[in-house]
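Coordinates in review
Next come the chains, spelled out residue by residue.
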Amino acid sequence: MCTTCGCSGAASHHHSEHDLSEDGLSENDLREDSLHTSGSHTHDHQNSPDSHIHHHNDQARILEVEQSILSKNDRFAADNRQRLKAHNVASFNLVSSPGSGKTSLLVRTIEQLRDKAGIAVIEGDQQTELDATRIRETGAPAIQINTGKGCHLDAHQIGHALDHWDLDSVDLIFIENVGNLVCPAAFDLGETARVAVLSVTEGEDKPLKYPDMFYGSDLMLINKIDLLPYVDFDVAKSIEYARRINPDIEVIQLSAKTGEGMTEWTRWCLQHLEKDTSIARDNRAESCNTNA
Amino acid sequence: MHELSLAEDMRDLILEKAEKDGFRKVEKVWLEVGELACVEASAMEFCFSAVMAGTPAQGAKLEIISIPGEGECHQCHHRWRVQELYDCCPECGSFGARIIQGREVRVKSISVI
Ligand SMILES: Nc1nc2c(ncn2[C@@H]2O[C@H](COP(=O)(O)OP(=O)(O)OP(=O)(O)O)[C@@H](O)[C@H]2O)c(=O)[nH]1
Ligand SMILES: [Mg+2]
Ligand SMILES: [Zn+2]
Ligand SMILES: [Zn+2]
Ligand SMILES: [Zn+2]
Ligand SMILES: [Zn+2]
Ligand SMILES: [Zn+2]
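Described in the following lines is the structure provided in the data block.

Cut-offs applied
Residues numbered from 1 in each chain as written. Chains lettered and ligands numbered in written order. Predicted model: local features only at pLDDT ≥ 70, side-chain atom pairs only at ≥ 80, totals over all residues. Heavy atoms only, no water. Helix = DSSP H or I, 4+ residues; strand = E, 2+ residues; numbered from the N terminus. Rg over C-alpha atoms; globule rule 2.2 N^0.38 Å. Buried < 20%, exposed > 50% of the residue type's maximum accessible area, 1.4 Å probe, protein only. Contact = heavy atoms within 4.5 Å. Areas by Shrake-Rupley, 256 points an atom, 1.4 Å probe, with all protein chains shown as cover. Lys, Arg positive; Asp, Glu negative; His and termini not counted. Charge placed at Lys NZ, Arg CZ, Asp CG, Glu CD. Donors = N, O, S within 2.8 Å, 3.2 Å for Na, K, Ca; no water. Pairing = 2+ DSSP bridges. Axes fitted to C-alpha atoms, helices over the stretch in contact; angles between N-to-C directions.

1. What to know about the overall build of chain B
In terms of regular secondary structure, chain B is built from 2 helices and 6 strands. Counting from the amino terminus, chain B carries its helices and strands in the arrangement α-β-α-β-β-β-β-β. Against the globule reference of 13 Å for 113 residues, chain B gives a C-alpha radius of gyration of 17 Å, more extended than a compact globule. Principal axes of the C-alpha set define a box for chain B whose edges measure 55 × 25 × 15 Å. By residue count, 53% of the 113 residues in chain B fall in the buried class. The long-range share in chain B, meaning contacts at least 24 apart out of those at least 6 apart in sequence, stands at 69%. Just so you have it, chain B exposes about 5,000 Å², and 47% of that area is on carbon and sulfur atoms. Taken as two groups, the 13 positive and 19 negative side-chain charges of chain B have centres that lie 7 Å from each other.

This is the structure we're talking about:
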């Protein structure tokens, strides 16, 4: 049985119907999800004694819903978080514009960390298996989620991806989100920490233009610093802008090409294995769960 | 598009509700949208009618209720109406407001038959 959504299909259903579905969630998910939410059912019969005959008349009535549109995602995210914590796995959600260097960074990260930790990768792209293939060439396991026309990963997809691994043999999971600085900000995946990657070819005003992404991130990685001599990117200004939005955001500058700064980054990743990450997770829930 | 996936999640939420409460048709949906939620009202209306086609909420009206942004200064705890996430505190000039309200997208209520 699927531990994420409680569906009872054969294991192979995940491939054909969920993970690789091009249109996001399948019909099955609607059914699955009504299973998990039946416990939290609230309705308004007690307030209106007449409403038991509502099926038989044409009187319009108003139902108070008071529910965040993201509440379903947030339930899946909470499940993922609990599951990862139970297996002592730290997970990182990498968000950025397309082409900031996430896959290059992950390939290099795996090369530097593989003797120290078990690493697995979830790749989100609208199309193709290319990024997962690049990761697998390092020897690390990778799952590709194709979101089709969807422009972000959601927590349900991540839950299914986790089904593929023995989490006891994994220490770090890197999730490469779809290249998009707008909507991945709204979708908590259950990650330990969120990492916004900004490359120096993009312009230092990105944090002001896409503030949501930086509001919800724990770390800003400034990538491609090997190109600084050739571009007008003002590093100090980009950091100042990011901290206007999020005074606590940490910053690491690196180059996935030359390897400069990589040690600081890999150390940052490993430190999440040692400390109890539940505090960071609670903060994340506060900033993302708009229904709080 | 951002609004499309939000509209799909709204559809799922309403269908879930329809299954539990046994209504046949949704006539109207009241949606609260925070001013800082990055949701464009006209795009939301368009996506709403597109994704509701063929469901009990086909043809339902969508009323968007705008919720103002509210932030609290992390230095002096002054609260004010935040327009942008990078606004500075009007009292002490610090950046980095904690957002208390205005990022939400919530279905407030629905009118059903
Ligand atoms: N000079 C330089 N180029 C880099 C660096 N990191 C990545 N690149 C180049 O940037 C381009 C995009 O890199 P990717 O790793 O594919 O970027 P990505 O963020 O995974 O891209 P998407 O998945 O398509 O969003 C490639 O041509 C990389 O070689 C860097 O540190 N320095
Ligand atoms: Mg990539
Ligand atoms: Zn399942
Ligand atoms: Zn499922
Ligand atoms: Zn799969
Ligand atoms: Zn999206
Ligand atoms: Zn202040």
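2. Observations regarding the overall build of chain A
Of regular secondary structure, chain A possesses 11 helices and 8 strands. Counting the 292 residues in chain A, one finds 56% classified as buried. Partitioning the intrachain contacts of chain A with sequence separation of at least 6 by distance along the chain shows that 73% fall at a separation of at least 24. About 12,600 Å² of surface is accessible on chain A, with carbon and sulfur atoms providing 49% of the total.

3. Quick notes on the coordination of the magnesium ion (ligand 2)
Protein-derived coordination of the magnesium ion (ligand 2) comes from T103 of chain A (OG1), D131 of chain A (OD) and E176 of chain A (OE), at a distance range of 2.1 Å. The exposure class assigned to D131 of chain A is buried, which follows from its relative accessible area of 12%.

4. A closer look at the sheet that holds strand 1 (residues 26-34) of chain B
Strand order in this open sheet of 4 strands is 1(A)-6(B)-1(B)-2(B), and the pairing throughout is mixed. Each edge of the open sheet carries a strand with a single partner, namely strand 1 (61-68) of chain A together with strand 2 (61-67) of chain B. Direction aside, neighbouring strands of the sheet carry axes that sit 20° apart on average. In terms of strand pairing, strand 1 of chain A meets strand 6 (residues 105-112) of chain B through 6 bridges, oriented antiparallel.

Shape descriptors only; they carry no functional weight alone.
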